[in-house]
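As a plain string of letters, each chain reads:
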Amino acid sequence: MNIRCIALDLDLTTLDREGRLSEGNRQALEYAISKGVHIIISSGRAFDSLPADVLAVPGIEYAITSNGSAVYHIPTKRRLIGYTLEPHSVREIMVRTANLPLAYEAFLSGVAYADAGYVRDPVAYGAAPRAIRYIQTTRHPEADIRGFILDHCGQLDSLDLITGDSELKARTEDLLRRTVPDIYVTSSVPQLIEVSHRKAGKHSGVRFVAELLGLSPAQVAAFGDGDNDADMLSYVGCGIAVENATPACRAAARYVTARHDQDGVACGIYDTLHI
């Protein structure tokens with residue numbers, strides 16, 4: 001394989017169970033970069049929420065954020081391309097979900113805002129205990145998050161709808177896909193419904209960066225774990241799922257590597273891609 005670029009999902013893929021970059025994965029990334037391979041971040045996170053230990057790896061230049069809603073040049077923090085949700089889509093989402101027991105997150109210019117109740121007690125809304133610190137240190141709490149969303153309906157990178165009820169989540173996803181125009185709907189973890197512009201998606205961000213670097217999809221590999229990684233893994237020449245990936249992600253992958261907390265990315269770089 002002539003892989004010249006690797007796109008990395010972060011949470012539950014590249015990061016360990018504490019949300020940190022392990023020494024083994026860090027060394028593998030630095031090794032790949034030394035061989036001339038471009039390493040790019042491809043995350044559901046907002047730019048402002050990207051982990052410092054990943055950004056500190058020398059040579060990582062590009063970040064695909066908010067599930068492909070925006071692409072940044074990391075050294076300059078410059079937004080290279082972005083898709084904001086259509087105002088009519090945002091308003092329709094708010095109308096359709098007004099009477100549902102949901103919390104919300106809103107992503108605006110690379111910064112995350114969230115329902116104050118969710119920030120105070122993420123587990124009550126279905127978040128895993130390991131995610132408490134991440135949520136509480138990266139979200140700006142809003143007492144009236146619905147009002148905040150409507151006030152900024154023409155500026156939003158993306159929205160998350162939050163529920164710990166799997167049946168409600170499935171019904172809401174179906175409702176949004178059927179009734180709201182111009183949106184892309186996906187999910188990275190069980191409690192989130194992640195909504196962005198129809199032109200978004202991690203595959204869209206990877207395509208933009210690959211073209212910027214003069215590379216074909218066949219020259220790109222990608223690692224992921226969630227449903228929101230499936231389109232990216234299908235798009236690239238070599239899609240690799242970590243062992244803990246969702247069924248949809250594994251089905252989209254060409255290979256499966258070790259778990260995220262067992263240096264699966266490093267194993268994939270050395271043993272699958274043979275960088």
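Structure first, text after, so check above.
Residues numbered from 1 in each chain as written. Predicted model: local features only at pLDDT ≥ 70, side-chain atom pairs only at ≥ 80, totals over all residues. Heavy atoms only, no water.

Chemist: Any chance you could explain the overall build of the chain here in plain terms?
Modeler: Helix and strand content of the chain: 12 helices and 14 strands. Whereas a compact globule of 275 residues would reach a radius of gyration of roughly 19 Å, the chain reaches 18 Å, a difference of no more than 12%. Viewed in the frame of its principal axes, the chain has a C-alpha envelope of about 50 × 35 × 35 Å. For the chain, the proportion of its 275 residues judged to be buried stands at 55%. Within the chain, contacts between residues separated by at least 24 positions form 62% of all contacts whose residues are at least 6 apart in sequence. Summing over all exposed atoms, the chain offers an accessible surface of approximately 11,300 Å²; the carbon and sulfur share of this is 48%. Seen as two clouds, the 27 positive and the 34 negative side-chain charges of the chain have centres 3 Å apart. (Helix = DSSP H or I, 4+ residues; strand = E, 2+ residues; numbered from the N terminus. Rg over C-alpha atoms; globule rule 2.2 N^0.38 Å. Buried < 20%, exposed > 50% of the residue type's maximum accessible area, 1.4 Å probe, protein only. Contact = heavy atoms within 4.5 Å. Areas by Shrake-Rupley, 256 points an atom, 1.4 Å probe, with all protein chains shown as cover. Lys, Arg positive; Asp, Glu negative; His and termini not counted. Charge placed at Lys NZ, Arg CZ, Asp CG, Glu CD.)

Chemist: When you look at the side chain of Ser43 in this model, what are you seeing that I'm missing?
Modeler: Within the secondary structure layout, Ser43 lies in the loop between β2 (38–42) and α3 (52–55). Among the polar contacts made by the side chain of Ser43, one reaches the main-chain amide nitrogen of Arg45 at a distance of 2.8 Å. Apart from the residues within four sequence positions on either side, Ser43 is in contact with Asp9, Leu10, Leu50, Ile64, Thr65, Ser66, Asn67 and Lys202. (Polar contact = N/O pair within 3.5 Å; in protein donor to acceptor, adjacent residues only side chain to side chain.)

Chemist: Looking at this model, I keep getting lost on the sheet that holds strand β12 (residues 220–224). Mind explaining?
Modeler: Hydrogen bonds along the backbone pair up the strands of a sheet, which may run parallel or antiparallel. The eight strands are arranged β5-β4-β3-β2-β1-β12-β13-β14 in an open sheet whose pairing can be described as mixed. The open sheet terminates on both sides in strands that have one partner only, identified here as β5 (78–82) and β14 (255–257). Here the strands of the sheet are splayed against their neighbours by 25° on average, with no regard to which way each runs. Of the pairings in the sheet, the one linking strand β1 (residues 5–8) to β2 comprises four bridges and is parallel in character. In the strand pairing of β2, Ile6 is matched with Ile39. (Pairing = 2+ DSSP bridges. Axes fitted to C-alpha atoms, helices over the stretch in contact; angles between N-to-C directions.)

Chemist: Is there a simple way to think about helix α2 (residues 23–34) in this case?
Modeler: Since one α-helical turn is 3.6 residues long, residues separated by three or four positions face the same way. The end-to-end C-alpha separation of α2 is 16 Å, in line with the 16 Å expected for 12 residues at 1.5 Å each. Looking at α2, one finds that the buried residues are Asn25, Ala28, Leu29, Ala32 and Ile33. In a view along the axis of α2, the buried residues occupy a sector of 135°, so they form one face of it. In this fold, the buried residues of α2 make contact with β1, α1 (10–14), β2 and α12 (264–272). One or two residues past the end of α2 sits Gly36, with phi positive at roughly 90°. (Expected span 1.5 Å × (residues − 1). Arc of directions from axis to C-beta.)

Chemist: Is there a simple way to think about the sheet that holds strand β8 (residues 139–142) in this case?
Modeler: The sheet built from six strands is open, its strands ordered β8-β7-β6-β9-β11-β10 with mixed pairing. Looking at the sheet topology across the chains shown, the edges are occupied by β8 and β10 (183–186). Taken pair by pair, the neighbouring strands of this sheet meet at an average axis angle of 25°, ignoring direction. As paired elements, strand β6 (residues 103–108) and strand β9 (residues 156–162) share six bridges and run antiparallel to each other. Within the sheet, the bridge partner assigned to Ala106 lies in β9 and is Leu159. Of the strands in this sheet, β9, β10 and β11 (192–197) are in contact with helix α8 (residues 166–179), which crosses β11 at around 15°.

Chemist: Looking at this structure, how should I read the packing of aromatic side chains?
Modeler: Centre-to-centre distance and the angle between the planes together describe a pair of aromatic rings. Considering all chains together, one arrives at four aromatic pairs under this definition. Considering the side-chain rings of Tyr113 and Phe148, the 4.6 Å spacing of their centres and the 35° angle between planes classify their relative orientation as tilted. Of this pair, Tyr113 sits in strand β7 (residues 111–115) while Phe148 sits in helix α7 (residues 145–151), placing them 35 residues apart in sequence. Note on Phe148: relative accessible area 11%, which makes it buried. Both rings, one in Tyr118 and one in Tyr125, keep their centres 5.8 Å apart while their planes meet at 90°; by these two values the pair is edge-to-face. Residue placement shows Arg207 over the ring face of Tyr235; its charged tip is 6.0 Å from the ring centre. (Phe/Tyr/Trp six-rings, centres within 6.5 Å; stacked < 30°, edge-to-face > 60°. Lys NZ or Arg CZ within 6 Å of the ring centre and 35° of its normal.)

Chemist: Mind showing me how you'd approach unusual backbone geometry here?
Modeler: Trans is the prevailing form of peptide bonds, just as negative phi is the prevailing case for residues other than glycine. The phi torsion at Lys77 lies on the positive side, around 55°, for a residue other than glycine. Along the chain, Lys77 falls in the loop between β4 (70–73) and β5. Of note, His274 is a non-glycine position whose phi angle comes to about 50°, a positive value. When you line up the elements, His274 lands in the segment after α12. Owing to a relative accessible area of 58%, His274 belongs among the exposed residues under this scheme.

Chemist: Teacher, can you tell me more about the side chain of Asp9 here?
Modeler: With respect to the helices and strands, Asp9 occurs in the loop between β1 and α1. What makes Asp9 buried here is its relative accessible area of 5%. A distance of 2.6 Å separates polar atoms of two side chains, one belonging to Asp9 and the other to Thr13. The residues contacting Asp9, other than those within four sequence positions of it, are Thr14, Ser42, Ser43, Lys202, Phe223, Gly224, Asp225 and Asp229.

Everything listed here is a matter of coordinates, which is why it stays silent on function.
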